[in-house]
Structures are given as structure tokens and as C-alpha cells.
Amino acid sequence: MSMRLILLGPPGAGKGTQSDVLSRRYKIPHISTGDILRKAVIKEVPLGVKAKSYMDKGELVPDEIVTEVIVDALKSDDAKKGFILDGFPRTLNQAIALDESLSKISSGIDLIIYFETSPEVAIERLSGRRVCSKCGFNYHVKNIPPKQEGICDRCGSRLIQRPDDKEETVRNRLKVYQTQTKPLINYYLRKGNLKKVSGDMDVDELFKVIFKIFEDEHLA
Ligand code: AMP
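Scoring rules and cut-offs
Residues numbered from 1 in each chain as written. Predicted model: local features only at pLDDT ≥ 70, side-chain atom pairs only at ≥ 80, totals over all residues. Heavy atoms only, no water. Helix = DSSP H or I, 4+ residues; strand = E, 2+ residues; numbered from the N terminus. Polar contact = N/O pair within 3.5 Å; in protein donor to acceptor, adjacent residues only side chain to side chain. Contact = heavy atoms within 4.5 Å. Near = heavy atom within 4 Å. Areas by Shrake-Rupley, 256 points an atom, 1.4 Å probe, with all protein chains shown as cover. Nonpolar A, V, L, I, M, F, W, Y, C, P; charged D, E, K, R; others polar. Pairing = 2+ DSSP bridges. Core = buried A, V, L, I, M, F, W, Y, C linked by side-chain atoms within 4.5 Å. Buried < 20%, exposed > 50% of the residue type's maximum accessible area, 1.4 Å probe, protein only. Disulfide = S-S within 2.5 Å. Phe/Tyr/Trp six-rings, centres within 6.5 Å; stacked < 30°, edge-to-face > 60°.

A. Inspection of the side chain of Ser107 at higher detail. Take Ser107: it is sitting in the loop between α5 (92–104) and β4 (111–116). For Ser107, the side chain forms a polar contact with the side chain of Arg4, separated by 3.2 Å. Filtering out sequence-adjacent residues up to four positions away, Ser107 remains in contact with Arg4 and Leu102.

Next up, the structure:
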């Protein structure tokens, strides 16, 4: 049984954290365009150089650039039996490009999980978020604290605040979500198998809700 998933929702909805849980549990890759772009920025490769100025402002990186990144990632052997797309698609053009790309390999998306999240929760999560400067693993100062303050449990590296998690940039990211990404909900309600969950729940509670959806949909 394949499990090709899209996690859709605003920044701070918990998509990344839930993707990590699902990826470990079902042994399918977590493909996050944000993570791929951040790594490219750190390495200063051409993709990162092109993306950085948009990311710093909380704007979307142009569709052609991110779509190419995803089409490449989906070609990997890892993604054959399923994948979790986190942070892609974020515009209608990206969603259409994804459909076209998957239809070429006679494939499609099995389930779109929409994380409906209140702005207060999203802002609280983003402002408390800390990420590992080396492996990128996510923490939260209150909700998911590391064992030792400021240090990654997994690799021992220093935790930092993402530059785009600063208050002003967060506000812009939420605005960009409202105007450019939210219309995808209607697109997938018409075209795909979209299920709504509450992104305000904590990680374990939400996993249980998602697991129930998987069972109902015969995905797990
Ligand atoms: P994220 O980690 O998903 O919050 O993404 C961080 C930033 O990377 C976003 O604010 C955008 O600048 C960029 N980005 C990530 N995914 C996309 C996408 N699908 N389309 C355009 N820009 C993206």
C-alpha cells in the first residue's frame, strides 16, 4: 500500500513535527522544501543563493525553483513506496505542476491532511521554536524542550532560532499563507482526498487522529 501524503497548513501548524513522527513510523521520506532550501543556503550552493533573499523576508521562493527541487526529490528510490510532502505545494501553480509530474509516472496523492490552526497557536509555536544548527531537528522551548538547554538531543550541536521565526517575518509568512497557500484547500477539496485535522492539538493527540484517518482510508 502506498502512502503519498501532503501536509497542508500555515507555518507553526506542526507539520514538520508530525512529518518526523509519520516518517519514522511508516519508513517513508519526509520531504520538506523548507529544509532542503535551508541546507542549500548554508552550503551556499546556487539553489541557496537564489532562495535566500526570499526566505529572509518570509516570501515564497519562485515556483520554478521549488518545483524543480521537488520533482528531483520524488525521483529518488526512497520515495517509491510513499512520501510526506511538508511545505509543498504552497501555490496553485506548484499544485498543478505536482499533479502533472506525478501523472507522468501514473501516480497521484493518496491523502492531503489540512492542519487547521489558530493564529495564536501558530505564533506561540514559531516564537518558541528552536532548531538544531546542524541536523535541523525541531524543538520548542516549552512544548518540546531538549534534554539540555540549547543543545540538540540527537547530535549535540547548538540550537538556534530560525531567522524567519522573528516576529516581523512570522507576520509576513502568515499573510503569505493566507493569500497564496490557503486557496489550495479548495483545489484539493475539488480534486483530491483532503481531510481536515486540528493543528492546535499536541503531537501525540494529533498522531492518534491521523492514524484513525489512515485506518479509515485503508492506508495503514
Ligand atoms: P518552511 O520551513 O516550510 O516554513 O519554509 C521556509 C521558507 O522556505 C518559506 O518561508 C519560503 O521562503 C521557502 N519555501 C519553502 N517551501 C516553499 C514552497 N513550496 N514554495 C515557495 N517557497 C518555499
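Now that the structure has been shown, the text picks up again.
B. Molecular detail of the site of the ligand. The immediate surroundings of the ligand are formed by 16 residues, with Thr33, Arg38, Glu59, Gly87 and Gln94 found nearest. One nitrogen or oxygen atom from the side chain of Arg38 is found 3.0 Å from an oxygen atom belonging to the ligand. A distance of 3.0 Å separates a nitrogen atom of the ligand from a polar backbone atom of Val61. Coverage of the ligand by the protein amounts to 95% of the 480 Å² it exposes when considered alone. When residues in the shell around the ligand are grouped by element, the largest group, four residues, is from helix α2 (residues 33–43). In terms of residue class, the shell around the ligand is built from six nonpolar, four polar and six charged.

C. Quick look at the sheet that holds strand β5 (residues 129–132). Spatially, β6-β5-β7 is the arrangement adopted by the three strands of the open sheet, whose pairing is antiparallel. Both edges of this open sheet fall to β6 (138–140) and β7 (159–160), since each of them pairs with a single strand only. Sheet topology note: the β5/β6 ladder contains three bridges and is antiparallel. Opposite Arg130, over in β6, you have Tyr139 as the bridge partner.

D. Spotlight on the nonpolar core. Residues Ile6, Leu8, Leu74, Phe83, Leu85, Leu98 and Tyr188 are the most contacted members of the largest nonpolar core, which totals 28 residues. Broken down by secondary-structure element, the contributors of at least two residues to this core are β1 (3–8), α3 (46–57), α4 (63–75), β3 (82–86), α5, β4 and α8 (183–191). The element best represented in this core is α4, accounting for five residues. Not counting the four nearest positions on each side in its chain, Leu85 is found in contact with Leu5, Ile6, Leu7, Ile31, Ile70, Leu74 and Leu98. Among the nonpolar cores identified, the runner-up in size contains 18 residues, and Ala13, Leu22, Phe207 and Ile210 belong to it.

E. Region of interest: the pairing of β1. Within β1, six of the six residues are buried, leaving the element largely enclosed by the surrounding structure. Going residue by residue along β1, you find Met3, Leu5 and Leu7 tucked away on one face and Arg4, Ile6 and Leu8 tucked away on the opposite face as well. The sheet contact formed by β1 and β4 spans four bridges and is parallel. Across the sheet, the residue bridging to Leu7 is Ile113, located in β4.

F. Spotlight on the state of the cysteines. Summed over all chains, the structure comprises zero disulfides. Cysteine Cys135 is unpaired, with the sulfur of Cys132 as its nearest cysteine sulfur at 3.7 Å. For Cys135, a relative accessible area of 34% translates into the label partly exposed.

G. Up close: the packing of aromatic side chains. A complete count under the given rule lists four aromatic pairs for this structure. Geometrically, the ring pair formed by Phe137 and Tyr139 is edge-to-face, given 5.4 Å between the ring centres and 75° between the ring planes. Comparing Phe137 with Tyr139 shows no difference in burial state: the two are buried. Ring plane angle 75° and centroid distance 5.0 Å describe the contact between Tyr187 and Tyr188, whose orientation is recorded as edge-to-face. Taking relative accessible area as the criterion, Tyr187 reaches 8% and is therefore assigned buried. A relative accessible area of 3% places Tyr188 in the buried class.

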